[in-house]
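Read off the chains here:
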Amino acid sequence: MNTSVSTDDVIFNFFKQICDEKDDNKCIQLGKNWIQAMETNLYDMEKNLNGADKLKYKDDIQSNRDHLDSLKNKSSKEWREYAAQCIIEILDQKK
């Protein structure tokens, strides 16, 4: 029996947790945790790139940083809407 969990499943469940959180402060904190985790991932990815690849992906990495920066002041309502949209995109990709 295969019990492996895909990255999409982990992300889906995290965004579902944001959508389901009734406490607005906890919802916002979950969003901030998401940002922090993604910033760490970007940092680690960039650190592991060599010169040519670092240049190749520079704009993509900056675009992701800009996107994360745009999330930093979202309200709980905005986080729930964002998380719901991300869930929809994950489900669409699975089709």
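One can find the structure itself at the top, above this paragraph.
Here the structure is a predicted model, which means the values were calculated and not measured.

**Comments concerning the overall build of the chain**
Then step 1. What the chain contains, in helices and strands, is four helices and zero strands.
Then step 2. When its helices and strands are written in sequence order, the chain yields α-α-α-α.
Then step 3. With respect to the three principal axes, the spread of C-alpha positions in the chain is 45 × 40 × 20 Å.
Then step 4. Taken across its 95 residues, the chain has 20% of its residues classed as buried.
Then step 5. Counted over contacts in the chain with a minimum sequence separation of 6, partners at least 24 positions apart contribute 66%.
Then step 6. With the model as given, the accessible surface of the chain reaches about 7,000 Å², and the carbon-plus-sulfur share is 49%.
Then step 7. The distance from the centre of the 15 positive side-chain charges to the centre of the 18 negative ones in the chain is 2 Å.

**Structural notes on helix 4 (residues 76-94)**
Then step 1. For helix 4, spanning 19 residues, the distance from its first C-alpha to its last is 27 Å, which sits close to the expected 27 Å at 1.5 Å a residue.
Then step 2. All of the buried residues along helix 4 are S76, W79, R80, Y82, A83, C86, I87 and I90. Down the axis, helix 4 shows its buried residues gathered within 165° of arc, on one side only.
Then step 3. On its buried side, helix 4 packs onto helix 1 (7-20), helix 2 (24-48) and helix 3 (51-71).

**Quick word on the packing of helix 2 against helix 3**
Then step 1. As a packed pair, helix 2 and helix 3 sit with axes 11 Å apart at the nearest point and diverge in direction by 170°. By the angle class used here, helix 2 and helix 3 are roughly antiparallel. On helix 3, the residues that touch I35, M38, E39, L42, Y43 and E46 of helix 2 are K54, I61, N64, R65, L68, D69 and L71.
Then step 2. Partitioning the contact of helix 2 with helix 3 into residue classes produces seven nonpolar, one polar and five charged.

The rules we used
- Residues numbered from 1 in each chain as written.
- Predicted model: local features only at pLDDT ≥ 70, side-chain atom pairs only at ≥ 80, totals over all residues.
- Heavy atoms only, no water.
- Helix = DSSP H or I, 4+ residues; strand = E, 2+ residues; numbered from the N terminus.
- Buried < 20%, exposed > 50% of the residue type's maximum accessible area, 1.4 Å probe, protein only.
- Contact = heavy atoms within 4.5 Å.
- Areas by Shrake-Rupley, 256 points an atom, 1.4 Å probe, with all protein chains shown as cover.
- Lys, Arg positive; Asp, Glu negative; His and termini not counted.
- Charge placed at Lys NZ, Arg CZ, Asp CG, Glu CD.
- Expected span 1.5 Å × (residues − 1).
- Arc of directions from axis to C-beta.
- Axes fitted to C-alpha atoms, helices over the stretch in contact; angles between N-to-C directions.
- Parallel < 35°, antiparallel > 145°, perpendicular 65-115°, else oblique.
- Nonpolar A, V, L, I, M, F, W, Y, C, P; charged D, E, K, R; others polar.

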